Each structure stands twice: as structure tokens, then as C-alpha cells.
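Examination of the molecular architecture
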Amino acid sequence: MKGAHHALCGAAAWVAVASTAPLTLGWYPVGPLGVVAGALVCAGAALAPDADHHDATIAHSLPPVSQWVCDAVGAVSGGHRNGTHSALGVAALVGVAWAAGKVTATTSALGDLAVGAGVMSLLLVAFATRALGLGRGRLQAWALAVALAGFVTVVAPTGWDWLPVAVGTGAAVHVMGDMLTGGGVPLLWPWEPRPPRWWTRTPGLRDVWTRGGNFAVPLLGTTGSRRERLVAVPLTAYATYGVVVALAAGTLTSLGYDADAVLARVVEAATTALGTTAAVGAVVLQQPVTG
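Okay, so let's go over this structure.

Reading the values: rules and limits
Residues numbered from 1 in each chain as written. Predicted model: local features only at pLDDT ≥ 70, side-chain atom pairs only at ≥ 80, totals over all residues. Heavy atoms only, no water. Helix = DSSP H or I, 4+ residues; strand = E, 2+ residues; numbered from the N terminus. Expected span 1.5 Å × (residues − 1). Buried < 20%, exposed > 50% of the residue type's maximum accessible area, 1.4 Å probe, protein only. Patch = residues over 30% accessible without salt bridge, like charges linked within 9 Å, V, L, I, M, F, W, Y side chains within 5 Å. Areas by Shrake-Rupley, 256 points an atom, 1.4 Å probe, with all protein chains shown as cover. Salt bridge = Lys/Arg side-chain N within 4 Å of Asp/Glu carboxyl O. Lys, Arg positive; Asp, Glu negative; His and termini not counted. Charge placed at Lys NZ, Arg CZ, Asp CG, Glu CD. Contact = heavy atoms within 4.5 Å. Axes fitted to C-alpha atoms, helices over the stretch in contact; angles between N-to-C directions. Parallel < 35°, antiparallel > 145°, perpendicular 65-115°, else oblique. Left-handed = near helix turned anticlockwise from the far one by under 90°.

**Side note on helix 5 (residues 115-132)**
In an α-helix, one turn spans 3.6 residues; hence positions three or four apart end up facing the same way. Between its first and last C-alpha atoms helix 5 spans 26 Å; for 18 residues at 1.5 Å apiece the expected length is 26 Å, and the two agree. Most of helix 5 sits out of view: 13 of its 18 residues are buried. Phi for Gly133, located one or two positions after helix 5, is positive at around 70°.

Printed below as a string of C-alpha cells:
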């Protein structure tokens, strides 16, 4: 998948997992700020497996730091679409995020600071900013990344365990997204089992388990295909919906309103309006055409 589409998958996945708004799963519920900040972090984490490529989107997000990171990751993981695109790679990223959450510093003015989580968030938000086009230049990308990383650094000590959840979700979504393309991923790396000869000669099967040992469910075809771009449309709408609802809930709460009750009434009104519109449309379609 393209970098921007990976980032959208990550943001949409975080909304589904962490938000408690209607049409979400709420498996790992966080507050409104957690939904907004986590969407950016998870979007960046959904690009992290491509840190094995020196010319990937994230390599150009915060130069020269991002380029150094990508060169190092590529050297360790064996190049593009190898170690970082496997189950072991996802587990390793979660481990790094967990370890980063443990790195703290104590200050007299602000108390405990989550330095590790802040630094990791800095990189991930910069990745997302570049991929999603949220910043027009390097300065804006750095500004947004530093601002959110500062927020994470100050707030994360009270609940840093969200970071490995966001990173794991984003990385897993990336691997699943690349599995939906024709190239597939080495899911069991460093073990890359080769299929038997009869398998490689069977149409359909050879696309699922390739000669190189990759696994794929190539529903999206080639990377950047029209099908992939079409999938990006509802992902964009869903991620936007989650962030907007989170911002609205945060604003309502700060003004002293019961955000859940207000949003429930809005959803009820919208559902009623849609039902009425559908009923009227059905009646109109049933009317005979005159003239």
C-alpha cells in the first residue's frame, strides 16, 4: 500500500479501537484527547514498518534524523519488506514502544516526564504528518510533532501503556494492508518457507503463498491500484469522523455538558432524519410517472 493509505488505516484503526463513539468498537477506551493524539501516533506507527526503506515516505519526514533511522532499520531487518513486515517485526516494535514508555525523568517543576514516549511520539507523528499532508514543509511537520510529543511527555507518565497499544495496532494494520497486495509479506520471517512445486503451478494458490515465501490475500491488486484508492475513501471518512467526534466531546465536556448524552441525541436525530428521508424517497419512487 502507499504511505498515505497506510497512515489512514492506522488512524481509522485507532478510532475503532480506542473511541467509544457510535460505530466504534471501544476495545481500549481513552478520552477525547487520547483519541486525537493516538490517531496521529497510530497513523505514524502504521508507517513504521516501511522504515526499512531509505526512500520511503517516512525517510523524508524529519530529515536527516528520519533518514538515519531508516538506514539503521533497513540494515538490521534485511532490507525492504523483510523483518519489519513480519509478526516478529510487529512484536519488536511493540517491545520498543513498551521500553520507551519506561524511560522517564523527574523534574521539580513538572514532576515525572515520559521522555522515551515523547521521543518515539515525535518520530511517529512526524511520519504521519508527512504522509497525510498535514504540514506543507519541514517546519510545520516539526512544529506539530514537537507540540504533540511535548503533550505526550508531560501526560504519558500517568498512563503510558497506550503507546505500545497504538504502535502495535498501527504496525499490525500495515502488515495486513501489504498482505492485501500482490507482493505479500514474509509473515514468518526470518523463516521464509518456500511452497512445493505443485503449489506454485496452481493458479490462485501461487498468489497466496509465493515462490519467495511471502503470504498474501491480493484483494487490492498491485500497490497503488484503483481498488486501493477506493478503499482509502471510507477510511478517510471514518478516521475524520472519529477525530471530529472526539474534538466535539472534549469541547462539550470542557463547557460542562454531558458529552455522551449530547452525542447520543445527535445520533438519534440523525438516524431519525435518515429514516424519514428513506421513507419519503421510497414513496416518491412508487408514484406513477405522468406525462
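**Let's talk about a positive patch on the surface**
On the surface, Arg197, Arg201, Arg206 and Arg211 cluster together to form a positively charged patch. Following the sequence through the fold, Arg211 ends up in the loop between helix 9 (205-208) and helix 10 (226-254). With a relative accessible area of 63%, Arg211 lands in the exposed category.

**Comments concerning the environment of Glu192**
For Glu192, the location among the structural elements is in the loop between helix 7 (162-179) and helix 8 (197-200). Glu192 sits in the partly exposed class, given a relative accessible area of 26%. Along the primary structure Glu192 and Gly213 are separated by 21 residues, whereas in three dimensions their C-alpha atoms are 4.9 Å apart. With residues up to four places along the chain from it excluded, the contact list for Glu192 reads Asn82, Pro186, Gly212 and Gly213.

**As for a nonpolar patch on the surface**
Together, Val65, Trp68, Trp142 and Val146 line one region of the surface with nonpolar side chains, adding up to about 380 Å² of accessible area. Where the nonpolar patch is concerned, the elements lending two or more residues are helix 3 (65-77) and helix 6 (138-155). Summarising the element assignment, Val65 is placed in helix 3.

**Quick notes on the packing of helix 1 (residues 3-18) against helix 7**
In the contact formed by helix 1 and helix 7, the axes pass within 9 Å of each other and the chain directions differ by 130°. It follows that helix 1 is oblique to helix 7 by the angle criterion. The handedness of the crossing between helix 1 and helix 7 comes out as right-handed. Residue-level inspection shows His6, Cys9, Gly10, Ala13 and Trp14 of helix 1 in contact with helix 7, the latter providing Trp162, Val165, Ala166, Thr169, Val173, His174 and Asp178.

Take it as geometry only, folks, not as evidence of what the structure does.
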